[in-house]
Amino acid sequence: MTNNQDYLQDLANIRSMMERSSKFLSLSGWAGVLAGCYALAGAYVACVFFSFNPDGIIYPINEPETIVIGIPAVIVLALIVLILAIGTAVALSTRKARNLGESIWNPTSKRMIIHMAYPLVGGGILILVLITEGFAGLAAPLTLLFYGLALVNASVFTYKEIRSFGLVLIVLGLLSGYMVEYSIWLWAIGFGFLHIVYGIYLHIKYEQE
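In what follows, the accompanying structure is described. The shown structure was predicted, so the numbers you read here are calculated from the model rather than taken from an experiment.

Side note on the packing of helix H6 (residues 161-178) against helix H7 (residues 183-206)
Item 1. Orientation of H6 relative to H7, taken along the N-to-C sense of each, is 170 degrees, at an axis distance of 10 Å. Accordingly, the angle class assigned to the pair H6 and H7 is roughly antiparallel. Facing H6, whose interface residues are Glu161, Ile162, Ser164, Phe165, Val168, Leu169, Leu172, Leu175 and Ser176, H7 presents Ser183, Leu186, Ile189, Gly190, Leu194, His195, Tyr198, Tyr201, Leu202, Lys205 and Tyr206.
Item 2. Residue composition of the contact of H6 with H7, grouped by class: 13 nonpolar, five polar and two charged.

Focus on the nonpolar core
Item 1. Of all hydrophobic cores here, the largest spans 23 residues; its most connected members are Leu151, Leu169 and Trp187.
Item 2. Per-element tally for this core: the top contributor is H7, with seven residues.

Some words on the environment of Leu169
Item 1. Inspection of the secondary structure assignment puts Leu169 in helix H6.
Item 2. Taking relative accessible area as the criterion, Leu169 reaches 0% and is therefore assigned buried.
Item 3. When sequence neighbours within four positions are dropped, the list of residues in contact with Leu169 reads Leu144, Leu145, Tyr147, Gly148, Leu151, Gly190 and Leu194.

So, the pattern of salt bridges
Item 1. Enumeration over the complete set of coordinates arrives at two salt bridges.
Item 2. A salt bridge links Lys160 to Glu161; the nearest nitrogen and oxygen atoms lie 3.6 Å apart.
Item 3. Look at Lys160 and you get exposed, because its relative accessible area is 58%.
Item 4. Note that Glu161 is salt-bridged to Lys205, the shortest N-O span being 2.9 Å.

So, how was this worked out
- Residues numbered from 1 in each chain as written.
- Predicted model: local features only at pLDDT ≥ 70, side-chain atom pairs only at ≥ 80, totals over all residues.
- Heavy atoms only, no water.
- Axes fitted to C-alpha atoms, helices over the stretch in contact; angles between N-to-C directions.
- Helix = DSSP H or I, 4+ residues; strand = E, 2+ residues; numbered from the N terminus.
- Parallel < 35°, antiparallel > 145°, perpendicular 65-115°, else oblique.
- Contact = heavy atoms within 4.5 Å.
- Nonpolar A, V, L, I, M, F, W, Y, C, P; charged D, E, K, R; others polar.
- Core = buried A, V, L, I, M, F, W, Y, C linked by side-chain atoms within 4.5 Å.
- Buried < 20%, exposed > 50% of the residue type's maximum accessible area, 1.4 Å probe, protein only.
- Salt bridge = Lys/Arg side-chain N within 4 Å of Asp/Glu carboxyl O.

The structure is reproduced here in structure tokens:
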């Protein structure tokens, strides 16, 4: 009986080693929670202080002054939220990796970042081009869509739940493209509420075992 138990334990250890070598498991659930909080705060500031509440796709140059002034401010705000989210993710994931005796910068994490970069960089450039051409109403739908695609790509190298998160964001992006007047609220749901929900779920499932 003891030999069988040792055999099963060895198999479990081998499986764990193989998973850690092919998966990036240092992703912190709390980073997702905080990223969601940053996104909700950013959406609130954009709507209340910068009067950014898209009701259509095209915003010509002769639109009201609040729209013309608000769009550059919203871009800066979005960059601040992005920097805070990335910085928090790196800091917390680094701490988690250190606690696990691993390095956050390894071949698996490099592949994950590269696969995420394709849709994020391409989508980011497209969004900036569209904004400069007056199509600011497409910013929220496209950020949801391309971020969702990036997460689906990244899910191959990390927790499987990231794939479902990405698919939900893709659906929200397509839906907000159809209902542009509600896109800022759908953006807040995707980047804010869902980030918090998935972050808590990942923390409970993988960080409290």
